[in-house]
Amino acid sequence: MSANETLKQLRQKNNMTQDELAAKLFVTRQAVSRWENGETTPGPDMLTALSALFDCSINTLLGSPRKLICQCCGMPLTDDGAISREPDGAFNEDYCRWCYADGKFAYQSLDELIDFLVEHMSNDQFPPDQARAYFSVELPKLTHWAGCAD
């Protein structure tokens, strides 16, 4: 879905008119209309305000153009329910809610995360030694662990 369609859908889902949305954001109804018609896209500050108002990520507002993955564990962030939040409630699109919550990381070391993943993700087709080898190679490529000598 495109950004303009997403914005219109969110507005309608929240039972708002264009005038009501414009009043909440301190913009004109014409600005909202241009966003919904795809003539313009809200700027960064307005996207942040819309994200807070509709309780969705900026990526969702933009029609999910980026394929987000957690930069700690590598899990795909396919919906807003998996995306972490900052202590103020704002979305943090870099991490999943299991790796980062309330301004804190769940795993203090790469080894701690790998141990957890091996325990919970290995099976007959993906034995523990193979899982450990895979995660030991792939996870250091993620932003959170890049450059860590763990």
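Residues numbered from 1 in each chain as written. Predicted model: local features only at pLDDT ≥ 70, side-chain atom pairs only at ≥ 80, totals over all residues. Heavy atoms only, no water.

Student: Would you explain the environment of Phe26 in this entry?
Tutor: Turning to its location among the elements, Phe26 is positioned in the loop between helix 2 (18–25) and helix 3 (29–37). According to the relative accessible area criterion, Phe26 is exposed, its value standing at 78%. (Helix = DSSP H or I, 4+ residues; strand = E, 2+ residues; numbered from the N terminus. Buried < 20%, exposed > 50% of the residue type's maximum accessible area, 1.4 Å probe, protein only.)

Student: What should I look at first to understand empty space enclosed by the protein in this one?
Tutor: Which parts of space are left empty comes out when a probe the size of a water molecule is rolled across the atoms. Tallying each qualifying case throughout the model produces one cavity of 30 Å³ or more. The volume enclosed by the largest cavity comes to roughly 50 Å³. Ala3, Asn4, Leu7, Trp35, Pro42, Leu47, Leu50 and Leu61 together form the lining of the largest cavity. It is helix 1 (residues 3–13) that contributes the most residues to the lining of the largest cavity, three residues altogether. Residue composition of the lining of the largest cavity, grouped by class: seven nonpolar, one polar and no charged. (1 Å grid on protein atoms, 1.4 Å probe; cavity = no way out; pocket = protein on both sides within 12 Å on 5 of 7 lines; lining within 4 Å. Points joined across faces, edges and corners; volume = space filled by probe spheres on them. Nonpolar A, V, L, I, M, F, W, Y, C, P; charged D, E, K, R; others polar.)

Student: It is not clear to me how the packing of helix 2 against helix 3 should be interpreted in this structure. Could you clarify?
Tutor: Two measures define how a pair of helices packs: the angle their axes make with one another and the distance between the axes. Where helix 2 contacts helix 3, the two axes come as close as 8 Å, and the packing angle between them is 110°. Taken as axis vectors, helix 2 and helix 3 run roughly perpendicular relative to one another. Of the two possible hands of crossing, helix 2 and helix 3 adopt the one that is right-handed. Only Arg29, Val32, Ser33, Trp35 and Glu36 of helix 3 make contact with helix 2, whose side of the interface consists of Gln18, Asp19, Leu21, Ala22 and Leu25. For the contact of helix 2 with helix 3, the class distribution of residues is five nonpolar, two polar and three charged. (Axes fitted to C-alpha atoms, helices over the stretch in contact; angles between N-to-C directions. Parallel < 35°, antiparallel > 145°, perpendicular 65-115°, else oblique. Left-handed = near helix turned anticlockwise from the far one by under 90°. Contact = heavy atoms within 4.5 Å.)

Student: Is there a simple way to think about helix 2 in this case?
Tutor: Residues spaced three or four apart along an α-helix point in a common direction, a consequence of the helix completing one turn every 3.6 residues. Those residues of helix 2 that fall on the buried side of the exposure criterion are Gln18, Leu21, Ala22 and Leu25. Looking straight down helix 2, one finds its buried side chains confined to an arc of 100°; they lie on one side. Of the surrounding elements, those touching the buried residues of helix 2 are helix 1, helix 3 and helix 4 (44–54). The first or second residue beyond helix 2 is Phe26, which carries a positive phi of 60°. (Arc of directions from axis to C-beta.)

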